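Here are the chains, one letter per residue:
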Amino acid sequence: GVVFGAAQNIDVLGNGNSIPDNSIFTSTTDFTNLGDSFVGSSIIRTYTIKNTGTNSLGIPSRAITGTNSGEFVASAISTSIGGLSQTTFTITFTPTGAGVRTATITINNTTSGSEGAYSFNIEGNGIATAPGVSEIDVQGNSVSITNGDTTPSIDDSTDFGSNQIQTNTTKTFT
């Protein structure tokens, strides 16, 4: 049963799964691995901070540190969580480069003992598209039109040719 007046205690969950304090391992199961995102695009994950004790839990500060910390942004969090209550926050991952991007989240809190700072590693993977490759393939006349192409061509139907005034020309692009 519940012991009233029990010391506050913190538990952090990602994707409904507890994230171990001081965890250096990442996993998509608990959102410590946020997944893949194209460079410049974002992924948002939601986390829960639970107070498993009956006394109020203070959260005086939170920090994101490490090599790629600027690519991870956390939303505001409550500075106090009542006994047997919880709150949520989000982390937005927006990679500025390709490859694995890493950081550490530290949630400073008023639990007694060594858990006064709850920390865990996070990571995401930045994916770059190859130069000149679009995320979509626009075609005219069944010929791919290169992203940024400024030269009209009969081959890809971007050259509409000459028309008489008040005459319509229709081209289909897929």
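Further up the page is the structure itself.
Quick summary incoming for the structure in this document. (Residues numbered from 1 in each chain as written. Predicted model: local features only at pLDDT ≥ 70, side-chain atom pairs only at ≥ 80, totals over all residues. Heavy atoms only, no water.)

Considerations on the sheet that holds strand β2 (residues 17–18)
Here's step 1: Here we have 5 strands laid out as an open sheet, ordered β2-β1-β4-β9-β7, and antiparallel in their pairing. Of all the strands in the sheet, the pair left with one neighbour each is β2 and β7 (72–74).
Here's step 2: For strand β4 (residues 43–51) and strand β9 (residues 86–93), the ladder comprises 8 bridges, and the chain directions are antiparallel. The partner of Lys50 across the bridge, within β9, is Gln86. (Pairing = 2+ DSSP bridges. Helix = DSSP H or I, 4+ residues; strand = E, 2+ residues; numbered from the N terminus.)

Description of the side chain of Asp30
Here's step 1: Position of Asp30 relative to the elements: it lies in the loop between β2 and β3 (33–38).
Here's step 2: Comment: no salt bridge for buried Asp30; closest opposite-charge side chain is Arg45, at 9.6 Å.
Here's step 3: Engagement of the side chain of Asp30 in a polar contact is seen with the side chain of Thr32, the distance being 2.6 Å.
Here's step 4: Residues contacting Asp30, with those up to four places away along its chain left out, are Gly14, Asn15, Asn17, Ser18, Ile19, Pro20 and Tyr47. (Buried < 20%, exposed > 50% of the residue type's maximum accessible area, 1.4 Å probe, protein only. Lys, Arg positive; Asp, Glu negative; His and termini not counted. Salt bridge = Lys/Arg side-chain N within 4 Å of Asp/Glu carboxyl O. Polar contact = N/O pair within 3.5 Å; in protein donor to acceptor, adjacent residues only side chain to side chain. Contact = heavy atoms within 4.5 Å.)

Describing the pattern of salt bridges
Here's step 1: If you walk through the whole model with that rule in mind, you get 1 salt bridge.
Here's step 2: A salt bridge links Arg101 to Glu71; the nearest nitrogen and oxygen atoms lie 2.8 Å apart. Placement of Arg101 in strand β10 (residues 99–108) and of Glu71 in the loop between β6 (61–65) and β7 is noted, with a sequence separation of 30 residues between them.
Here's step 3: On the basis of relative accessible area, Glu71 is assigned to the buried category, the value being 7%.

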